[in-house]
Protein chains: 2
Amino acid sequence: MNQRQTVDERGGAGRPGKNGDGAERHEEIHRSISDAIIEHRLRPGARLREDALAEVFGISRTGIRKILQRLALEQLVTLTPRRGASVTRPTADEAKDVFDARQMVECGLIPEIARRITDDDLHELRDMARRERQALKSGEQSTAIRLSADFHARLARIAGNATLADFVERLCSRSSLILAVYGNPGHLGCESHDHDDLIVYLEAGNGERAQAFMGRHLKAIEASLSIVEEEAEAPDLHRIFSD
Amino acid sequence: MNQRQTVDERGGAGRPGKNGDGAERHEEIHRSISDAIIEHRLRPGARLREDALAEVFGISRTGIRKILQRLALEQLVTLTPRRGASVTRPTADEAKDVFDARQMVECGLIPEIARRITDDDLHELRDMARRERQALKSGEQSTAIRLSADFHARLARIAGNATLADFVERLCSRSSLILAVYGNPGHLGCESHDHDDLIVYLEAGNGERAQAFMGRHLKAIEASLSIVEEEAEAPDLHRIFSD
DNA sequence: TGCGCGATCATTGTATACATATCGGCGGCC
DNA sequence: GGCCGCCGATATGTATACAATGATCGCGCA
């Protein structure tokens, strides 16, 4: 970029046009696909054909490829050379890594969050928790799952560290995938009242209890998974037929 | 240009196994650019024109764009719509975020690292630290900077959590950029003997001391920066001429 | 002589065409 | 009758062509 140089003195504030309209479109498509994955409307393993996506969203394959690559770097889709894209199917190891990482980062952020949280934050968090409960009650699992991930991401952002907040957001997205593969139907992710309890601790300024609670909360989610190595691909024939 | 004038005989069975070379080639180019940025051979703000890169590496702009996008997601380059790519110039806020994140994650990983570290790991780390010292002594700053980042990344990987290790690796890359902008010449990043000291603590199985040392180590790097908001873009004329 | 304005150019954004690799089916051969 | 190998279909990887946009620079006018 240009560090010095004229800043285009004409008007300064007057951005002529929404110069990024194409980019915004891409952003929108990215969100569409991302949401569909997080909400389990696209299950792990589902193939994402470029042609089909291009037709659905009305752009050419070039743009789709760009979006798929971004999704791949976010580890929501897997790009197999010459085979195309599919929704990532997290392994058991990855699941463990993700939850360990969440344990470290989300708990580590709580003290700073407790220090900086404002009334507006509390209000918004309560609203998100309420909508999540409501979605759960009315059986909209997809919405509830996304709202749960949103809650954790929004919470992390309060700490004021954009880098860590982005990281947590991605971890939450991946957690959604993990729930889709290893979660038990009926018992999805966060307990319905956990988030509300967490808000109470934060509102009381009790960072330590909030931190401990977040730790238990994440452990509870992880414990609710049935992590069994599916071994669907490349079964070990030697081991199976060794005797 | 480099049109492959291969025969159109698509049934030709005798294709030499160049199946994955394209992807590997891209990986290689990514590494090349990434290293150049981390080693400060490409300074923050440097423009990266697609045509030029395409010509240098002998592929078309399509491949270059893919790589630039990946670098953008890693926050090593900044993609400005309609303006192209340039090496990211981290802001002071970003610098603080990155070092806070490193403090949390790298220190948080130390206990597990101390638990799992093997003799092979120690050997390799010692070798990296030695090469880093050597590079410093012989004035090869670029190499030293990269080796320092590699050391931290390699250390993090010992903990066995790929997700967190990848995160640390990216944080270290960004730290290199931060050093390029805010670092004082002559005093670059890690002290020459710090890494060796850390190895000693780890070898002794003294996780607590290692953890404390890592904390001081990172704080020292951060403290050595002259983080002054450059304010290069959009200087606040009102403030400057207010009196 | 300085400034506004318009044309040209350079560079990116997007789409499309072509080459290539993989997958599934089918026929021949053993 | 079953297995191996060929072949077409499908989808991806890559390059190139075209379009759009912002920057640069020269020119005319006050």
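Please read these numbers as outputs of a predicted model, since none were measured by experiment.

Criteria and cut-off values
- Residues numbered from 1 in each chain as written.
- Chains lettered and ligands numbered in written order.
- Predicted model: local features only at pLDDT ≥ 70, side-chain atom pairs only at ≥ 80, totals over all residues.
- Heavy atoms only, no water.
- Phe/Tyr/Trp six-rings, centres within 6.5 Å; stacked < 30°, edge-to-face > 60°.
- Helix = DSSP H or I, 4+ residues; strand = E, 2+ residues; numbered from the N terminus.
- Contact = heavy atoms within 4.5 Å.
- Buried area = accessible area lost by both parts, 1.4 Å probe.
- Salt bridge = Lys/Arg side-chain N within 4 Å of Asp/Glu carboxyl O.
- Polar contact = N/O pair within 3.5 Å; in protein donor to acceptor, adjacent residues only side chain to side chain.
- Nonpolar A, V, L, I, M, F, W, Y, C, P; charged D, E, K, R; others polar.
- Axes fitted to C-alpha atoms, helices over the stretch in contact; angles between N-to-C directions.
- Parallel < 35°, antiparallel > 145°, perpendicular 65-115°, else oblique.
- Left-handed = near helix turned anticlockwise from the far one by under 90°.
- Pairing = 2+ DSSP bridges.
- Core = buried A, V, L, I, M, F, W, Y, C linked by side-chain atoms within 4.5 Å.
- Buried < 20%, exposed > 50% of the residue type's maximum accessible area, 1.4 Å probe, protein only.
- Least-squares fit on C-alpha atoms with pLDDT ≥ 70 in both.
- Expected span 1.5 Å × (residues − 1).

Caption draft 1: Seen up close, the packing of aromatic side chains. All names here are of chain A. Counting across every chain of the model gives three aromatic pairs over all chains. For the pair Tyr 201 and Phe 213, a centre-to-centre distance of 5.6 Å together with 65° between the ring planes defines the contact as edge-to-face. Within this pair, whereas Tyr 201 is found in helix H8 (residues 194–203), its partner Phe 213 is found in helix H9 (residues 207–223), the two being separated by 12 residues in sequence.

Caption draft 2: Structural context of the interface of chain B and chain A. Contact with chain B, which involves 32 residues of that partner, is made by 27 residues of chain A. Approximately 2500 Å² of surface area, both sides summed, lies buried where chain B meets chain A, with 56% of it carried by carbon and sulfur atoms. The largest contributions to the chain B side of the interface with chain A come from Asp 97, Met 104 and Thr 163 of chain B, which together make up 22% of the buried area. Applying the counting rule to chain B against chain A returns zero salt bridges. Between the two partners, chain B and chain A, sit six residue pairs in polar contact (both at pLDDT 80 or more). Put simply, the parts of the chain that give the side of chain B that touches chain A at least two residues each are helix H3 (61–73), strand E2 (77–80), helix H4 (92–116) and helix H7 (162–182) of chain B. Of the residues belonging to the side of chain B that touches chain A, the class tally is 11 nonpolar, 10 polar and 11 charged.

Caption draft 3: Geometry of the packing of helix H3 (residues 61–73) of chain A against H3 of chain B. Contact pair H3 of chain A / H3 of chain B: the axes reach a minimum separation of 10 Å and the direction vectors enclose 40°. Viewed along their axes, H3 of chain A and H3 of chain B adopt a mutual orientation that is oblique. For the pair H3 of chain A and H3 of chain B, the crossing hand works out as right-handed. On the side of H3 of chain A, the interface is formed by Lys 66, Gln 69, Arg 70 and Leu 73 of chain A, while H3 of chain B contributes Lys 66, Gln 69, Arg 70 and Leu 73 of chain B. Its residues placed into classes, the contact of H3 of chain A with H3 of chain B shows two nonpolar, two polar and four charged.

Caption draft 4: Structural view of the side chain of Ser 173 of chain A. Within the fold, Ser 173 of chain A resides in helix H7 (residues 162–182). Beyond its immediate stretch of four places on either side in the chain, Ser 173 of chain A contacts Ile 38 and Leu 76 of chain A.

Caption draft 5: Structural context of the sheet that holds strand E1 (residues 47–48) of chain A. All names here are of chain A. Taken in spatial order, the three strands line up as E1-E3-E2 in an open sheet, and their pairing is antiparallel. At either margin of the open sheet sits one strand with a lone partner, and together these are E1 and strand E2 (77–80). Inspection of the sheet shows E2 paired to strand E3 (residues 84–87) by four bridges, in the antiparallel sense. When the sheet's bridge partners are listed, Thr 80 is paired in E3 with Gly 84.

Caption draft 6: Here's a closer look at the nonpolar core. With 84 residues, the main nonpolar core has Leu 109 and Leu 155 of chain A together with Leu 109 and Leu 155 of chain B as its most contacted residues. With residues up to four places along the chain from it excluded, the contact list for Leu 155 of chain B reads Ile 110, Ile 113, Leu 125, Leu 198, Leu 202 and Met 214 of chain B. Core analysis: the second largest hydrophobic core is formed by 18 residues, Ile 29, Ile 37, Ile 67 and Val 77 of chain B among them.

Caption draft 7: Looking closely at the packing of helix H2 (residues 50–57) of chain B against H3 of chain B. All names here are of chain B. Closest axis-to-axis distance for the H2/H3 pair is 9 Å, and the angle between their directions is 110°. One way to sum up the angle between H2 and H3 is to call them roughly perpendicular. Only Arg 61, Ile 64, Arg 65 and Leu 68 of H3 make contact with H2, whose side of the interface consists of Glu 50, Asp 51, Leu 53, Ala 54 and Phe 57. Its residues placed into classes, the contact of H2 with H3 shows five nonpolar, no polar and four charged.

Caption draft 8: Layout of the pattern of salt bridges. Residue and element names in this part refer to chain A. All chains considered together, the criterion is met by 40 salt bridges over all chains. Close ionic contact of Glu 39 with Arg 41 constitutes a salt bridge, the shortest N to O distance being 2.7 Å. Under the relative-accessibility criterion, Glu 39 is labelled buried at 9%. In this structure, a network of salt bridges that share partners links the residues Glu 39, Arg 41, Arg 146 and Asp 150.

Caption draft 9: Examining the relation of the copies chain B and chain A more closely. Mapping chain B onto chain A is achieved by rotating through 180° and translating by 0.0 Å along the same axis, at an RMSD of 0.1 Å. The relationship between the two copies is best expressed as a two-fold rotation axis. Take the interface residues of chain B: 72% of them recur as interface residues in chain A, which is what a same-surface contact looks like.

Caption draft 10: Helix H6 (residues 141–157) of chain B, seen in detail. The first and last C-alpha atoms of H6 of chain B sit 24 Å apart over 17 residues, in line with the 24 Å expected at 1.5 Å per residue. Listed as buried for H6 of chain B are Ala 144, Ile 145, Leu 147, Ser 148, Ala 149, Phe 151, His 152, Ala 153, Arg 154, Leu 155 and Ala 156 of chain B.

Caption draft 11: Structural detail: the sheet that holds E2 of chain B. All names here are of chain B. Spatial strand order, E1-E3-E2: three strands in an open sheet with antiparallel pairing. Sheet topology places strand E1 (47–48) and E2 at the edges, where each strand pairs with a single neighbour. The pairing of E1 with strand E3 (residues 84–87) spans two bridges and is antiparallel. Bridge pairing links Arg 47 to Ser 86 in E3. H3 rests against E1, E2 and E3 of the sheet, and its axis sits at about 110° to E2.

These results come straight from atomic positions and should not be treated as a statement about function.
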